[in-house]
Amino acid sequence: MEKKEQLYEGKAKKVFATEDAACCIVSYKDDATAFNGEKRGTIAGKGVVNNRMTNLMMQLLEKQGVPTHFVEELSERDTVVKKVSIVPLEVIIRNVSAGSFAKRYGVEEGIVFDEPTIEFSYKNDALGDPLINSYHALALKLASKEEIETIKKYAFKVNEVLKEYFLQLGVKLIDFKLEFGRLADGTIVLADEISPDTCRFWDAKTNEKLDKDRFRRDMGGVEAAYQEIFKRVTEAK
Ligand code: UDP
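Here the structure is a predicted model, which means the values were calculated and not measured.

Cut-offs applied
- Residues numbered from 1 in each chain as written.
- Predicted model: local features only at pLDDT ≥ 70, side-chain atom pairs only at ≥ 80, totals over all residues.
- Heavy atoms only, no water.
- Helix = DSSP H or I, 4+ residues; strand = E, 2+ residues; numbered from the N terminus.
- Buried < 20%, exposed > 50% of the residue type's maximum accessible area, 1.4 Å probe, protein only.
- Contact = heavy atoms within 4.5 Å.
- Polar contact = N/O pair within 3.5 Å; in protein donor to acceptor, adjacent residues only side chain to side chain.
- Core = buried A, V, L, I, M, F, W, Y, C linked by side-chain atoms within 4.5 Å.
- Pairing = 2+ DSSP bridges.
- Near = heavy atom within 4 Å.
- Areas by Shrake-Rupley, 256 points an atom, 1.4 Å probe, with all protein chains shown as cover.

S.K.: Go over the environment of Asp30, please, and point to the residues and values.
M.R.: Take Asp30: it is sitting in the loop between β3 (23–28) and β4 (31–34). In this structure Asp30 comes out as buried when scored by relative accessible area, which is 17%. Separated by 85 residues in sequence, Asp30 and Glu115 have C-alpha atoms that sit 34 Å apart. Dropping the residues within four chain positions of it, Asp30 is found in contact with Gly41, Thr42, Ile43, Ala44, Gly45, Lys46, Gly47 and Arg77. At a separation of 3.1 Å, a polar atom in the side chain of Asp30 contacts the main-chain amide nitrogen of Gly45.

Structure representation (structure tokens):
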């Protein structure tokens with residue numbers, strides 16, 4: 001399959017049309033942004049890590065019964081995916097306090113929860129992706145009740161599968177963000193990416209951060225962290 005016209009350019013990926021109207025090609029860039037685009041930079045090799053890692057995770061999740069948009073990896077940065085219309089919700093699952101959760105509720109990072117939490121943000125850059133609950137999402141017609149139930153069920157399933165998977169690699173899955181899409185027939189599938197850009201990964205022994213927080217917080221060792229998590233994932237498969 002080949003790239004035709006560019007449909008969209010986002011912060012970290014470009015999306016191209018293909019000869020198949022039901023498919024797109026996603027192309028991962030090394031560009032990094034944080035804080036709603038206020039902080040910009042490049043992370044060398046990130047596009048390759050995020051593309052290949054996402055595809056491995058999507059295939060693992062498909063096997064475990066979570067439908068995804070994944071079709072075929074074309075090259076180290078390019079992947080064919082099913083065309084979807086994205087449900088404008090960021091779905092965040094947390095196992096351990098960190099980031100905006102810790103800030104919002106005035107708690108330290110690293111508190112292990114008895115049960116995972118779920119929250120939604122309304123995907124809207126102009127508004128800064130505000131926190132939203134499922135009643136608000138329904139009121140705004142962002143998704144139907146059934147779709148929200150399906151999304152919640154899949155999101156917790158993704159957590160179960162990935163938490164276990166990463167623990168075997170000596171990595172704690174702290175939290176992550178998912179996006180879902182609708183196929184032409186309305187089927188909900190997992191879309192977007194699962195990568196160190198969208199997950200927090202802490203080394204199980206040292207709690208060293210192996211994710212985008214190193215970029216967000218100017219901690220250094222950003223590229224090395226992406227390579228380390230990628231190495232563990234590719235050596236495990
Ligand atoms: N996240 C993301 N995109 C966003 C916001 C969050 O991928 O626009 C991911 C982030 O990498 C983390 C999880 O979602 O793994 C929870 O992020 P949080 O709400 O703590 O926000 P942050 O501290 O990143 O602003």
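S.K.: An account of the nonpolar core is needed here, citing residue identities and associated values.
M.R.: Across soluble globular proteins, nonpolar side chains show a tendency to be buried alongside one another. By size, the foremost hydrophobic cluster in this structure holds 41 residues, and its most contacted members are Leu162, Phe166, Leu178, Phe180, Leu190, Ile194 and Phe201. Breaking this core down by element, the ones donating at least two residues are α1 (46–63), β9 (89–96), β10 (112–122), α4 (145–168), β12 (171–182), β13 (188–191), β14 (199–203) and α6 (222–236). No other element matches the 9 residues that α4 contributes to this core. With residues near it in sequence (within four places) discarded, Phe180 still touches Ser85, Ile86, Val87, Val91, Ile151, Tyr154, Ala155, Ile188, Val189, Leu190 and Ala191. Counting residues in hydrophobic clusters, the runner-up holds 8 residues, among them Ile43, Val49, Phe215 and Tyr226.

S.K.: Describe the pairing of strand β5 (residues 39–42), listing the residues and the values that go with them.
M.R.: Taken together, the 4 bridges between β4 and β5 define a ladder with antiparallel strand orientation. Its bridge partner being in β5, Thr33 is matched across the sheet by Arg40.

S.K.: Explain the site of the ligand to me, using residue names and the numbers behind them.
M.R.: Lining the immediate environment of the ligand, one finds 14 residues, of which Arg94, Ser100, Asp175, Arg200 and Arg216 sit closest. Contact distances for the ligand include 3.4 Å between an oxygen atom and a backbone N or O atom of Thr198. Summarising the interface, the protein chains cover 78% of the accessible area of the ligand, which totals 510 Å² for the free molecule. Where the shell around the ligand is concerned, the elements lending two or more residues are β9, α2 (99–105), β12 and β14.

Bear in mind that shape data such as this cannot, by itself, settle questions of function.
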